[in-house]
Amino acid sequence: MNELLRLSAVQLASLIRTGEVRAKEALDAVFQEIDEKEESLHCYVTIDREGAYAQASALQEKIDRKKEAGPLAGVPIAVKDNICTQGLRTTCSSKILEHFIPPYTAEAVLRLRQAGGILIGKANMDEFAMGSTTETSYFGATHNPYDLGRVPGGSSGGSAAAVAAGESFAALGSDTGGSIRQPASFCGVVGMKPTYGTVSRYGLVAYGSSLDQIGPLTKNVEDCAVLLEAISSYDRKDSTSVARTDTDFPAALLEGLHGMRIGIPRDYFGEGLDPEVASAVREAADVLKAQGASLEEFDLSLVDYAIPAYYTIASAEASSNLERFDGVKYGYRARDCEDLHQMYKKTRTEGFGPEVKRRILLGTFVLSSGYYDAYYLKALRVKALIKRAFNQAFSRFDCILGPVAPSTAPLLGESLADPLKMYLGDIYTIAANLAGLPAISVPCGKDSKGLPIGFQLTADCFQEKKLLRAAYQYEKATACACGGEAFRKGGAL
Amino acid sequence: MREYETVIGLEVHVELATKTKIFCGCSTAFGGAPNTQTCPVCTGMPGSLPVLNRQVVEYALAVGLATNCQVNQYCRFDRKNYFYPDNPQNYQISQLYLPICHDGFVEIDTSQGTKKVGIHEIHMEEDAGKLIHDEWEDCSLVDYNRSGVPLIEIVSDPDMRNAEEVIAYLEKLRLLIQYLGASDCKLQEGSMRADVNLSVRVAGTEGLGTRTEMKNLNSFKAIARAIDGERARQIELLEEGKGVVQQTRRWDDNKEYSYAMRSKEDARDYRYFPEPDLVCVHISDEWIERVRKAQPEFRDQKKRRYREEYGIPDYDIEMLTGSKHLADLFEATVALGSPPKKVSNWLMVETMRLLKEKEMDVEEIRFEPKHLAALIEMVQKGKINSSVAKEVFAEMFERDVDPCAYVEEKGLGANGDEEELEGLLKSVLAKNPQSVEDYRNGKKKAYGFLVGQVMKATAGKADPGTVNRLLGKLL
């Protein structure tokens with residue numbers, strides 16, 4: 001393995017900026033890794049070597065002329081395939097967009113480029129981000145780098161696996177109900193869902209518009225802070241974008257944990273949680289305590305209502321968001337149709353996979369006249385109550401600590417057979433989306449099968465710095481940090 | 001036959017006169033080459049997001065205040081979901097749950113006196129694109145230039161009872177909105193569209209009958225015919241003991257008959273829900289006050305002022321204020337120093353004649369006030385006579401030419417130089433001693449002959465007034 005791959009994104013960028021490493025060398029290393037592993041892992045839908053080298057040489061020229069290069073100068077980065085890139089196909093891992101080439105680039109990707117990041121390819125995902133395993137991808141599943149027989153989690157599974165396996169230095173994912181944090185946990189990398197409105201959604205193909213948020217997947221917490229700073233922006237093209245002045249996230253890494261109050265919801269440690277995961281998370285809590293944080297258990301309440309509320313709201317929005325895929329303007333169009341309605345039906349029947357259809361049906365049902373109040377409105381009320389419960393919790397705590405997922409990565413094929421069980425796997429992550437809160441998944445060891453475990457920290461809106469502070473102190477304190485390069489030693493490759 | 005009463009409510013769509021679309025920066029200009037005024041947002045590209053055009057709220061608010069509406073100071077957009085290719089996202093961003101304005105009214109004047117028509121609500125929404133069916137190639141094409149053009153929908157209460165009231169209501173709305181500058185409200189071009197909800201009931205009864213909704217009404221005349229036609233159709237059904245079916249019907253103005261498009265049973269379920277990509281619109285007290293203060297002088301106020309300020313006849317006032325465009329033209333010309341009655345005459349006689357002749361709308365008048373003022377001045381100063389003035393005016397009307405330059409260029413100027421004209425007169429008199437003699441002997445006909453000779457000699461350009469004066473002096 002090329003030694004460069006052991007570096008973090010921040011370390012690599014600093015060497016590229018000083019000229020000790022050339023941008024092309026980093027790309028060579030990553031593409032070599034991709035050549036070796038991609039056949040087994042399948043992290044990418046599209047790899048853009050040509051574009052990446054062109055970007056790298058433009059950047060190198062800048063550096064050679066002693067011009068300012070950004071904090072991610074020359075860092076190869078994978079972008080989830082539901083984030084639009086002009087001229088580079090963006091499929092959402094769906095047949096219906098198999099050949100779709102966007103006419104514009106998402107704001108978050110423009111920001112990454114401005115920071116010097118090099119886009120190397122589009123990461124595999126669950127079709128339209130609907131799934132928790134990356135198995136619903138039309139292009140085939142991504143495999144977990146720690147056990148090829150297992151899933152990497154999802155929906156940002158390609159992004160997480162690529163970072164874990166050295167097929168990229170960092171990645172962007174999107175998180176609607178845990179789609180960044182859960183695969184980060186399954187693949188032993190750091191993943192953050194920022195506060196709703198922090199990263200522009202312009203160019204992110206919508207799943208659940210009121211819940212979606214783009215975020216980083218990285219080798220360690222420092223990379224996470226730097227990437228997050230790079231992609232955070234107030235964007236007038238996104239009406240839900242928030243103008244923030246506190247996006248100097250790396251500053252949070254300098255502070256210790258003294259005085260930090262951490263709440264641990266008892267509700268998160270009940271039935272259904274794998275004991276090995278439970279003990280790893282509790283150990284992580286103890287590490288934070290040893291670093292100066294105070295711990296207290298409490299009852300968050302309403303945890304059981306989060307899943308039905310989430311699937312109602314997300315599916316309702318998805319059923320509407322996905323209406324535009326109809327074969328008229330772009331994407332797949334079924335052949336041999338007799339009339340308009342047949343074209344709509346055949347195109348969508350052939351173009352969407354079963355999980356997407358399931359959610360479109362569910363969402364269409366809950367919005368139907370006569371059911372709207374009973375389902376959609378009630379779900380919105382639950383959402384408001386959950387937000388209130390968190391507000392109460394954050395009047396007492398800086399962060400809430402818990403597991404990311406009830407178990408470590410399941411076997412391939414296991415989840416698709418039982419979608420309800422798969423939905424229940426989102427129990428710890430969806431509340432942050434419903435309440436718009438930031439949350440981070442941090443690796444905290446492995447189970448007896450050698451599979452990574454993550455713990456999750458959630459903070460109040462706009463308190464990403466608290467999350468980064470705690471996560472960074474944890475990572476520093478644990479020699480066995482999964483975030484750096486440890487993942488590859490235990491990896492299957 | 002029993003006596004029936006007609007109950008009518010209107011849904012009026014008005015295209016707002018913003019420069020850019022409601023949710024993106026694309027131009028709203030009419031008539032561009034297909035799909036040249038589009039972007040990822042108004043073509044429904046994956047990942048694109050809407051951003052509300054503030055001017056749309058401003059116009060909707062202005063119309064709401066002018067129609068005495070209450071304002072929802074926290075209003076919101078909703079998605080109306082339905083599949084059709086002219087609608088790129090397959091949902092329309094509209095307002096259902098919290099429309100911007102509600103519970104207003106306008107007063108209309110009819111032959112029965114004034115009457116209030118209630119405004120149920122006004123909401124903002126986006127227009128769809130345009131489908132073009134190519135029979136030759138047997139395919140359908142779609143132009144998204146109109147997709148995302150801002151609309152307001154004004155929903156009235158079922159307060160109207162006949163076509164006259166409906167037309168008066170529409171005229172009232174049209175004028176209010178034109179005066180606000182919020183839209184040009186052209187029925188023919190579709191910038192104002194009215195759907196008529198109509199039911200009948202036995203006169204004197206209270207409850208509402210089953211209604212139908214009629215679409216495709218492209219002129220006031222078509223609306224009046226459709227109302228009479230639909231009223232007759234419904235009464236006939238009831239008289240035959242059959243019921244009226246709640247349905248949407250399409251009016252065919254050539255056949256003067258409406259055809260059922262869809263009935264309540266196959267009504268679409270639009271699955272409305274709050275648009276998650278847009279935030280709540282907060283309309284502050286200050287904003288409302290600012291818009292209220294900026295409201296223009298509406299027709300009724302204008303009429304009063306014209307009477308006091310310009311002293312022109314009521315008939316003129318009625319005509320001039322019937323169009324904001326005409327009233328503006330009138331005021332601007334008068335402001336340049338032309339006598340009000342002269343301006344009014346040009347606008348009401350020659351302008352109307354040419355409009356009728358060319359089948360044009362008042363809004364299409366293009367000549368500038370300064371040109372009309374210049375023309376009036378030339379006539380007053382005797383630089384051209386009135387028949388030349390009409391000819392020049394026709395040119396002005398057609399191509400907005402500068403009348404002074406045009407007269408100069410074409411050599412139409414009256415021989416304004418009195419000395420020159422006098423000399424010419426003298427030679428005419430010298431050549432026609434018999435006529436001079438006859439005139440002096442009391443033969444009035446001879447005078448006309450002499451004037452004719454003068455006009456002939458000047459190729460019709462001499463000002464008749466000046467000719468009369470000079471001729472009188474010389475004779």
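Reading the values: the criteria
- Residues numbered from 1 in each chain as written.
- Chains lettered and ligands numbered in written order.
- Predicted model: local features only at pLDDT ≥ 70, side-chain atom pairs only at ≥ 80, totals over all residues.
- Heavy atoms only, no water.
- Helix = DSSP H or I, 4+ residues; strand = E, 2+ residues; numbered from the N terminus.
- Rg over C-alpha atoms; globule rule 2.2 N^0.38 Å.
- Buried < 20%, exposed > 50% of the residue type's maximum accessible area, 1.4 Å probe, protein only.
- Contact = heavy atoms within 4.5 Å.
- Lys, Arg positive; Asp, Glu negative; His and termini not counted.
- Charge placed at Lys NZ, Arg CZ, Asp CG, Glu CD.
- Areas by Shrake-Rupley, 256 points an atom, 1.4 Å probe, with all protein chains shown as cover.
- Core = buried A, V, L, I, M, F, W, Y, C linked by side-chain atoms within 4.5 Å.
- Domains from an automatic or database assignment.
- Salt bridge = Lys/Arg side-chain N within 4 Å of Asp/Glu carboxyl O.
- Buried area = accessible area lost by both parts, 1.4 Å probe.
- Polar contact = N/O pair within 3.5 Å; in protein donor to acceptor, adjacent residues only side chain to side chain.
- Nonpolar A, V, L, I, M, F, W, Y, C, P; charged D, E, K, R; others polar.
- Axes fitted to C-alpha atoms, helices over the stretch in contact; angles between N-to-C directions.
- Parallel < 35°, antiparallel > 145°, perpendicular 65-115°, else oblique.
- 1 Å grid on protein atoms, 1.4 Å probe; cavity = no way out; pocket = protein on both sides within 12 Å on 5 of 7 lines; lining within 4 Å.
- Points joined across faces, edges and corners; volume = space filled by probe spheres on them.
- Expected span 1.5 Å × (residues − 1).
- Pairing = 2+ DSSP bridges.
- Phe/Tyr/Trp six-rings, centres within 6.5 Å; stacked < 30°, edge-to-face > 60°.

**Re the overall build of chain B**
Within chain B one finds 15 helices and 16 strands. Taken over the C-alpha trace, chain B has a radius of gyration of 29 Å; the compact-globule value for 475 residues is 23 Å, which it surpasses by more than 25%. With the C-alpha coordinates of chain B rotated into their principal frame, the extents come out at 95 × 60 × 55 Å. A burial count over chain B gives 51% of its 475 residues as buried. Long-range pairs, those at least 24 residues apart, make up 69% of the contacts in chain B between residues at least 6 apart in sequence. One finds the centroid of the 63 positive side-chain charges in chain B at a distance of 4 Å from the centroid of its 78 negative side-chain charges.

**Re the overall build of chain A**
When helices and strands are tallied, chain A shows 16 helices and 11 strands. A compact globule built from 493 residues should have a C-alpha radius of gyration of about 23 Å, and chain A, at 21 Å, falls within 12% of that. Looking at chain A as a whole, 65% of its 493 residues qualify as buried. Taken as a whole, chain A presents about 17000 Å² of accessible surface, with 51% of it coming from carbon and sulfur. Chain A carries 53 positive and 60 negative side-chain charges, and their two centres are separated by 4 Å.

**Concerning the nonpolar core**
Nonpolar side chains in soluble globular proteins generally cluster together in the buried interior. Core analysis: the biggest nonpolar cluster contains 271 residues, and F128(A), I154(B) and Y169(B) have the highest contact counts within it. Both domains that furnish three or more residues to this core are identified here as domain 1 (4-289) and domain 2 (297-410) of chain B. Grouped together as the second largest cluster of nonpolar side chains are 14 residues, L421(B), V436(B), L450(B) and V467(B) included.

**Quick word on the pattern of salt bridges**
Scanning the entire structure with this criterion turns up 66 salt bridges over all chains. Here D35(A) ties to R49(A) by a salt bridge, and the two come within 2.7 Å at their closest N and O atoms. With D35(A) in helix α2 (residues 23-41) and R49(A) in helix α3 (residues 49-64), the pair connects residues that are 14 residues apart, well separated along the chain. The class of D35(A) is exposed, set by a relative accessible area of 52%. Between K465(A) and D248(A) there is a salt bridge, and its shortest N-O distance comes to 2.6 Å. Here K465(A), found in helix α15 (residues 464-477), pairs with D248(A), found in the loop between α7 (221-231) and β7 (261-265); they are 217 residues apart in sequence, far enough to count as distant. Within the structure, one salt-bridge network assembled from shared partners comprises R201(A), D238(A), R79(B), E275(B) and D277(B).

**Some thoughts on the domain arrangement of chain B**
Residue and element names in this part refer to chain B. Looking at chain B, the domain boundaries give domain 1 (4-289), domain 2 (297-410) and domain 3 (418-474). Between the C-alpha centres of domain 2 and domain 3 the distance comes to 33 Å. Across the boundary between the two partners, domain 2 contributes 4 residues, which contact 6 residues of domain 3. It is G382, N385 and V388 in domain 2 that bury the most area against domain 3; as a group they hold 87% of the surface buried on that side. For the interface between domain 2 and domain 3, the tally reads 0 salt bridges. Across the contact surface, domain 2 and domain 3 share 0 residue pairs in polar contact (both at pLDDT 80 or more). Across the side of domain 2 that touches domain 3, the residue classes break down as 2 nonpolar, 2 polar and no charged.

**Some thoughts on the packing of helix α8 (residues 275-290) of chain A against α15(A)**
Residue and element names in this part refer to chain A. Remark: α8 packs on α15, axes separated minimally by 9 Å, with the N-to-C direction vectors making an angle of 95°. As summarised for this structure, α8 and α15 are arranged roughly perpendicular, according to the angle between their axes. Contacts between α8 and α15 involve A284, V287 and L288 on the former and, on the latter, A470, Y474 and A477. Of the residues belonging to the contact of α8 with α15, the class tally is 6 nonpolar, no polar and no charged.

**Let's talk about the interface of chain B and chain A**
Across the contact, 31 residues belong to chain B and 37 residues belong to chain A. Summed over both partners, the interface of chain B with chain A buries about 2800 Å², with 58% contributed by carbon and sulfur atoms. When the buried area of chain B at its contact with chain A is split by residue, P46(B), F83(B) and R271(B) rank highest and sum to 23% of it. Inspection of the chain B/chain A interface yields 2 salt bridges. Where chain B packs against chain A, one counts 20 residue pairs in polar contact (both at pLDDT 80 or more). Elements represented by at least two residues in the side of chain B that touches chain A include exactly β4 (78-81) and β15 (273-274) of chain B.

**A closer look at the layout of surface pockets**
Residue and element names in this part refer to chain B. Estimates place the volume of the second largest pocket at around 1400 Å³. Of all the secondary structure elements, the ones that give two or more residues to the lining of the second largest pocket are β6 (101-110), α2 (163-180), α3 (220-239), α5 (299-310), α6 (314-320) and α8 (340-357). Looking at the lining of the second largest pocket residue by residue, the class counts come to 18 nonpolar, 9 polar and 19 charged. Two domains share the lining of the second largest pocket, each providing at least three of its residues, namely domain 1 (4-289) and domain 2 (297-410).

**So, α3(B)**
All names here are of chain B. End to end, α3 covers 29 Å across 20 residues, agreeing with the expected 28 Å (1.5 Å per residue, within 8%). Among the residues making up α3, those that are buried are F220, A222, I223, A226, I227, E230, R233, Q234, I235 and L237. Close packing links the buried residues of α3 with β1 (4-15), α2, β11 (192-202), β12 (212-215), β13 (247-252) and β14 (257-263). One or two positions beyond α3, positive phi appears at G241, with a value near 80°.

**Looking at the pairing of β1(B)**
Residues and elements named next belong to chain B. Counting buried positions along β1 gives 11 out of 12 residues, so the element sits mostly inside the fold. Where β1 meets β11, 11 bridges bridge the pair, whose relative direction is antiparallel. Across the sheet, T6 pairs through a bridge with V200, a residue of β11. Here β1 runs beside strand β10 (residues 150-156); their pairing, made up of 5 bridges, is antiparallel. Among the inter-strand pairings, E11 is bridged to a residue of β10, identified as V155.

**Comments concerning the sheet that holds strand β11 (residues 452-459) of chain A**
For sheets, the rule is that strands pair by backbone hydrogen bonds, running either parallel or antiparallel. Residues and elements named next belong to chain A. Overall, mixed pairing links the 11 strands, which are arranged β1-β3-β2-β4-β6-β5-β10-β11-β9-β7-β8 in an open sheet. Each of the sheet's edge strands pairs with one partner strand only, and the pair in question is β1 (44-47) and β8 (294-298). Strand-to-strand twist of the sheet, defined as the mean angle between neighbouring strand axes without regard to direction, takes the value 30°. Along the sheet, α7 contacts β2 (76-80), β4 (170-175), β5 (190-193), β6 (213-218) and β10 (439-446); its crossing angle with β6, the most-contacted strand, is approximately 145°.

**Some thoughts on the packing of aromatic side chains**
Residues and elements named next belong to chain A. Throughout the structure, instances matching the rule amount to 32 aromatic pairs over all chains. Note on F31 and Y53: the rings are 5.6 Å apart at their centroids and 40° apart in plane angle, and the pair reads as tilted. Within this pair, whereas F31 is found in helix α2, its partner Y53 is found in helix α3, the two being separated by 22 residues in sequence. Seen from their ring centres, F365 and Y375 are 5.4 Å apart, and the 55° between their planes marks the pair as tilted.

**Considerations on the sheet that holds β15(B)**
Strand order in the open sheet formed by 3 strands is β5-β4-β15 (chain B), with antiparallel pairing between adjacent strands. Among the strands making up the open sheet, the edge pair consists of β5 (91-94) and β15 of chain B. The sheet contact formed by β4(B) and β15(B) spans 2 bridges and is antiparallel. Note on β15(B): the bridge partner recorded for R79(B) is F273(B). The sheet strands contacting helix α9 (residues 303-321) of chain A are β4, β5 and β15 of chain B, and the helix crosses β4(B) at an angle near 60°.

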